[in-house]
Amino acid sequence: LICGAFLSKAQGIIISNLANGGSDTADYVTVSNLQVWRDALASIAPHVVLIMHGTNDKAADLSTSGYTANLGTIKTNIRTARTRTDVVFVSPSDNDRGGAVSMAQYAAALRQYANQNSDAHLDMYSIVGPFDVTNPRNIINKLSPSFHLSNDGGKYFAREFFHRIL
């Protein structure tokens, strides 16, 4: 969002962040008052919604089928609120979080889901590479825990998004 905030000032782009630190896909599927969430999204009236989940799903040991099912529900809720909003799925880069399912497996499952459903998809896992490659390039925050993008990582992500998606 750091790079997005810079671009918003320069280009007239409005960036709204509905993310909640520590949340996983299940949190957005089981939202307690779904209509309030949909109404809030409709009032923002976004043209594009980026959905980047996986890191906390990995920590919760969610299966790849559960992961893609939850993402599908999230997309349905977005489209119910705003039928003409474009949805872009983003596979997060790798991290040093443990878990039974790897980020590579989540990325592959999301790529397959997006292809089957004709959804836009940006695979940051494949672009950035595994954690042992990513971490020395300062893409991931070197502070513990190492699973969030650094400022350089945010700029890298924004550049790749604009280059590959827009």
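Residues numbered from 1 in each chain as written. Predicted model: local features only at pLDDT ≥ 70, side-chain atom pairs only at ≥ 80, totals over all residues. Heavy atoms only, no water.

Draft legend 1. Structural context of the sheet that holds strand E2 (residues 86–91). Spatially, E1-E2-E3 is the arrangement adopted by the 3 strands of the open sheet, whose pairing is parallel. Both edges of this open sheet fall to strand E1 (48–52) and strand E3 (120–123), since each of them pairs with a single strand only. On average, each strand axis in the sheet is tilted by 25 degrees relative to the strand beside it, whichever way the strands run. As judged from the 5 bridges shared by E1 and E2, these two strands associate in the parallel manner. Bridge assignment links Leu-50 to a residue of E2, and that residue is Val-88. Sheet strands in contact with helix H6 (residues 103–116) are E2 and E3, and its direction is about 160 degrees off that of E3. Strand contacts of helix H9 (residues 151–164): E1, E2 and E3, with the helix running at about 140 degrees to E3, the strand carrying the most contacts. (Pairing = 2+ DSSP bridges. Helix = DSSP H or I, 4+ residues; strand = E, 2+ residues; numbered from the N terminus. Axes fitted to C-alpha atoms, helices over the stretch in contact; angles between N-to-C directions. Contact = heavy atoms within 4.5 Å.)

Draft legend 2. Seen up close, unusual backbone geometry. Phi at Asp-61 is positive, roughly 55 degrees, even though this residue is not glycine. You can see Asp-61 is positioned in the loop between helix H4 (55–59) and helix H5 (64–81). Under the relative-accessibility criterion, Asp-61 is labelled partly exposed at 45%. A positive phi angle is found at Ser-118, which is not glycine, with a value near 55 degrees. Within the secondary structure, Ser-118 is located in the loop between H6 and E3. Among the residues examined, Ser-118 registers a relative accessible area of 70% and is labelled exposed. (Buried < 20%, exposed > 50% of the residue type's maximum accessible area, 1.4 Å probe, protein only.)

Draft legend 3. Molecular detail of the side chain of Asn-77. The residue Asn-77 is located in helix H5 in this model. Discounting residues that sit within four places of it in the chain, Asn-77 has contacts with Tyr-28, Leu-34, Trp-37 and Arg-38.

Draft legend 4. Seen up close, the nonpolar core. Core analysis: the biggest nonpolar cluster contains 19 residues, and Leu-41, Ile-51, Leu-71, Ile-74, Ile-78, Phe-89 and Leu-110 have the highest contact counts within it. Elements that contribute at least two residues to this core include exactly helix H3 (34–44), E1, H5, E2 and H6. Look past the residues within four positions of Ile-74 in its chain and what remains in contact with it is Thr-25, Tyr-28, Val-29, Ile-51 and His-53. Leu-122, Met-124, Val-128 and Phe-161 belong to the second largest nonpolar core, which has 9 residues in total. (Core = buried A, V, L, I, M, F, W, Y, C linked by side-chain atoms within 4.5 Å.)

Draft legend 5. Expanded view of the environment of Met-103. When you line up the elements, Met-103 lands in helix H6. Each C-alpha atom, one on Met-103 and one on Phe-131, is 9.6 Å from the other, the two residues being 28 residues apart in sequence. Look past the residues within four positions of Met-103 in its chain and what remains in contact with it is Gly-54, Thr-55, Lys-58, Pro-92, Ser-93, Asp-94, Asn-95 and Tyr-125.

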